[in-house]
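Overview (structure and organization)
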Amino acid sequence: MTLYPKLITDALATVVYPGTKKNLVESEMVADNIRIDGMSVSFSLIFPRETDPFLKSTLKAAEAAIHYYVGKEVEVTIGTEFKSAPRPKPGHMLPGVKNVIAVSSGKGGVGKSTVAINLAVALARLGYKVGLLDTDIFGPSMPKMFGVEEERPFGTEKDGRQLIVPIEKYGVKMMSIGFFIDPDKATLWRGGMATAVLKQLIADVDWGALDFFILDTPPGTSDIHLTLLQTLSITGAVIVSTPQQVALADARKGIDMYRNDKVNVPILGLVENMAWFTPEELPDNKYYIFGRDGVKNLAKEMDCPLLAQIPIVQSIREGGDDGKPAALRADSIMGRAFLNLAQAVVTVTNRRNKDMGPTKIVQVKNG
């Protein structure tokens, strides 16, 4: 007797899978890996998930069918594979998220991550459901600034897909590559690897229903920004800068990136960080060590709302280092400043949604 693949598939076509009430061949459960060696045959059956209640009974039925229709002397080895639900397509990756806000800066060192983190915490304190994604693959800071460096996300199964459960603290769901790498070692990845990881942190995380999804973006303009624009329908951008002229020049570039006619992401407004120095013990004193009203004037020039002027106070640095964002302290100068910023972001976002349709993802054509 000579075995050949059609003998095997004909036998498997007699086995009905209870999950679909169709046979294994019609259900497309027979993998394309049938191997025959004399009187030995091996192949895999593809099940929807590892926890399939019909898995064991189906394997036994398949083996019995081959013995009955092909021959008792056939040695049968059946492996198992599992298909997960496909990853959502770009533009549809966060169906439960109402608003995606990109917090950006033209250059590093202006306190963009501090603003993004405190904005997220302040929004949560106002009662909104908030997610926060650290998109800086090469220099993640979120675990440190939330005091969750030792936390490790775990997986869950939802709607046929294996998803990562985000870390949650202060009412904010957060995710960062920093949860998966050694914080003492440099991240050496090519651009393609970094963008692949970023897509996974967006699409393969169980974000759930959110009012605001805050993106803490890397400084400048890069592959990471393009990936975000190609992947997510971004509601609007918040640009962070200090009053310094060198920072303002880069802030203009950041604004232009979003306003580019191929991108068309609305600028929700500007945040002037480090607007002045105020000693906590002298709350009425203001020292303009980086210049005065630079971002305020830029907002007028670029026809953008000025969302907030955030002073420098020692506690903001301490809060970042200690994992206790300044927005938690409602009775402090910084706490009030970030709550005011959050309220302003809510206002401009509602206005934007009333006056404009959803942002379209960026389509990049090769050639």
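Here's what I pulled together on the structure shown here. (Residues numbered from 1 in each chain as written. Predicted model: local features only at pLDDT ≥ 70, side-chain atom pairs only at ≥ 80, totals over all residues. Heavy atoms only, no water.)

**Side note on the overall build of the protein**
The helix and strand inventory of the protein stands at 10 helices and 15 strands. For a compact globule of 367 residues, the expected C-alpha radius of gyration is about 21 Å, and the protein comes in at 27 Å, more than 25% above that figure. The dimensions of the protein, computed from C-alpha atoms along their principal axes, are 95 × 45 × 40 Å. Counting only residues that meet the buried cut, the protein has 49% of its 367 residues in that class. The long-range share in the protein, meaning contacts at least 24 apart out of those at least 6 apart in sequence, stands at 73%. For the protein, the exposed surface amounts to about 18400 Å²; the carbon and sulfur share of it is 50%. In the protein, 42 side chains carry a positive charge and 41 a negative one; their mean positions are 6 Å apart. (Helix = DSSP H or I, 4+ residues; strand = E, 2+ residues; numbered from the N terminus. Rg over C-alpha atoms; globule rule 2.2 N^0.38 Å. Buried < 20%, exposed > 50% of the residue type's maximum accessible area, 1.4 Å probe, protein only. Contact = heavy atoms within 4.5 Å. Areas by Shrake-Rupley, 256 points an atom, 1.4 Å probe, with all protein chains shown as cover. Lys, Arg positive; Asp, Glu negative; His and termini not counted. Charge placed at Lys NZ, Arg CZ, Asp CG, Glu CD.)

**Quick notes on the nonpolar core**
Core analysis: the largest hydrophobic core is formed by 90 residues, its most contacted members being Phe 213 and Ile 214. Apart from the residues lying within four places of it in its own chain, the contact partners of Phe 213 are Leu 94, Val 97, Asn 99, Val 100, Ile 101, Gly 131, Leu 132, Leu 133, Trp 207 and Leu 232. In this structure, Ile 8, Leu 12, Ile 66 and Val 74 belong to the second largest nonpolar core, which totals 21 residues. (Core = buried A, V, L, I, M, F, W, Y, C linked by side-chain atoms within 4.5 Å.)

**Focus on unusual backbone geometry**
Here the phi dihedral of Tyr 170 falls at roughly 55°; this positive angle occurs in a residue that is not glycine. With phi around 60°, Asp 293 is a residue other than glycine that occupies positive phi space. Within the secondary structure, Asp 293 is located in the loop between β14 (267-277) and α8 (294-302).

**Observations regarding the packing of aromatic side chains**
Scanning the model with the defined rule gives eight aromatic pairs in all. Geometrically, the ring pair formed by Tyr 17 and Phe 47 is edge-to-face, given 6.3 Å between the ring centres and 75° between the ring planes. Taken as a pair, Tyr 17 in strand β1 (residues 16-17) and Phe 47 in strand β4 (residues 40-47) lie far apart in primary sequence, 30 residues in all. Measuring from centroid to centroid gives 5.9 Å for Tyr 17 and Phe 54, while their planes differ by 90°, and the two rings are edge-to-face. Of the two residues, Tyr 17 is situated in strand β1 and Phe 54 in the loop between β4 and α2 (55-69); the sequence distance between them amounts to 37 residues. Given the relative accessible area of 4%, Tyr 17 is considered buried. Over the ring of Trp 276 we find Lys 286, and its NZ or CZ is 4.1 Å from the ring centre. (Phe/Tyr/Trp six-rings, centres within 6.5 Å; stacked < 30°, edge-to-face > 60°. Lys NZ or Arg CZ within 6 Å of the ring centre and 35° of its normal.)

**A closer look at the pattern of salt bridges**
Using the criterion set out here, one finds five salt bridges in the structure. Here Asp 216 makes a salt bridge to Lys 112, at a shortest N to O gap of 2.8 Å. With Asp 216 in strand β12 (residues 210-216) and Lys 112 in helix α3 (residues 112-125), the pair connects residues that are 104 residues apart, well separated along the chain. Both residues of the pair, Asp 216 and Lys 112, belong to the buried class. (Salt bridge = Lys/Arg side-chain N within 4 Å of Asp/Glu carboxyl O.)

**Structural notes on helix α7 (residues 245-259)**
Between its first and last C-alpha, α7 extends 21 Å over 15 residues, near the 21 Å set by a 1.5 Å rise per residue. Within α7, burial applies to Ala 247, Leu 248, Asp 250, Ala 251, Gly 254, Ile 255, Met 257 and Tyr 258. Burial along α7 is one-sided: seen end-on, the buried residues are contained in an arc of 165°. Of the exposed residues in α7, those oriented more than 90 degrees away from the buried face are Gln 245 and Lys 253. (Expected span 1.5 Å × (residues − 1). Arc of directions from axis to C-beta.)

**Let's talk about the side chain of Thr 217**
Along the chain, Thr 217 turns up in the loop between β12 and α6 (223-231). Side-chain polar atoms of Thr 217 contact the backbone oxygen of Val 103, separated by 2.9 Å. Filtering out sequence-adjacent residues up to four positions away, Thr 217 remains in contact with Ala 102, Val 103, Ser 104, Lys 112, Thr 135, His 225, Leu 228 and Tyr 258. (Polar contact = N/O pair within 3.5 Å; in protein donor to acceptor, adjacent residues only side chain to side chain.)

**Notes on the packing of α7 against α8**
At their nearest, the axes of α7 and α8 sit 11 Å apart, and the two run at 35° to each other. For the element pair α7 and α8, the recorded crossing hand is right-handed. Residues Leu 248, Ala 251, Arg 252, Ile 255 and Arg 259 of α7 form the contact with α8, whose own contacting residues are Gly 294, Val 295, Leu 298, Glu 301 and Met 302. Of the residues assigned to the contact of α7 with α8, the class counts are six nonpolar, one polar and three charged. (Axes fitted to C-alpha atoms, helices over the stretch in contact; angles between N-to-C directions. Left-handed = near helix turned anticlockwise from the far one by under 90°. Nonpolar A, V, L, I, M, F, W, Y, C, P; charged D, E, K, R; others polar.)

**Thoughts on the sheet that holds β12**
With respect to topology, eight strands assemble into an open sheet ordered β10-β11-β7-β12-β6-β13-β14-β15, the strand pairing being mixed. Where the open sheet ends on each side, the last strands, each with one partner, are β10 (167-169) and β15 (306-312). Across the sheet, the mean angle from the axis of one strand to that of its neighbour is 25°, orientation sign disregarded. Here strand β13 (residues 236-241) runs beside β14; their pairing, made up of five bridges, is parallel. Its bridge partner lying in β14, Val 240 is registered against Val 271. Helix-sheet contacts for α7 involve β6 (97-104), β13 and β14, and the interaxial angle to β13 is about 170°. (Pairing = 2+ DSSP bridges.)

**Brief notes about the packing of α3 against helix α10 (residues 333-355)**
Running from amino to carboxyl end, α3 crosses α10 at an angle of 75°, the nearest separation of the two axes being 8 Å. The angle between the axes of α3 and α10 places the two elements in the roughly perpendicular class. Contact residues: Thr 114, Val 115, Asn 118, Leu 119, Ala 122, Leu 123 and Arg 125 in α3; Phe 338, Leu 339, Leu 341, Ala 342, Val 345 and Val 346 in α10. Partitioning the contact of α3 with α10 into residue classes produces 10 nonpolar, two polar and one charged. (Parallel < 35°, antiparallel > 145°, perpendicular 65-115°, else oblique.)

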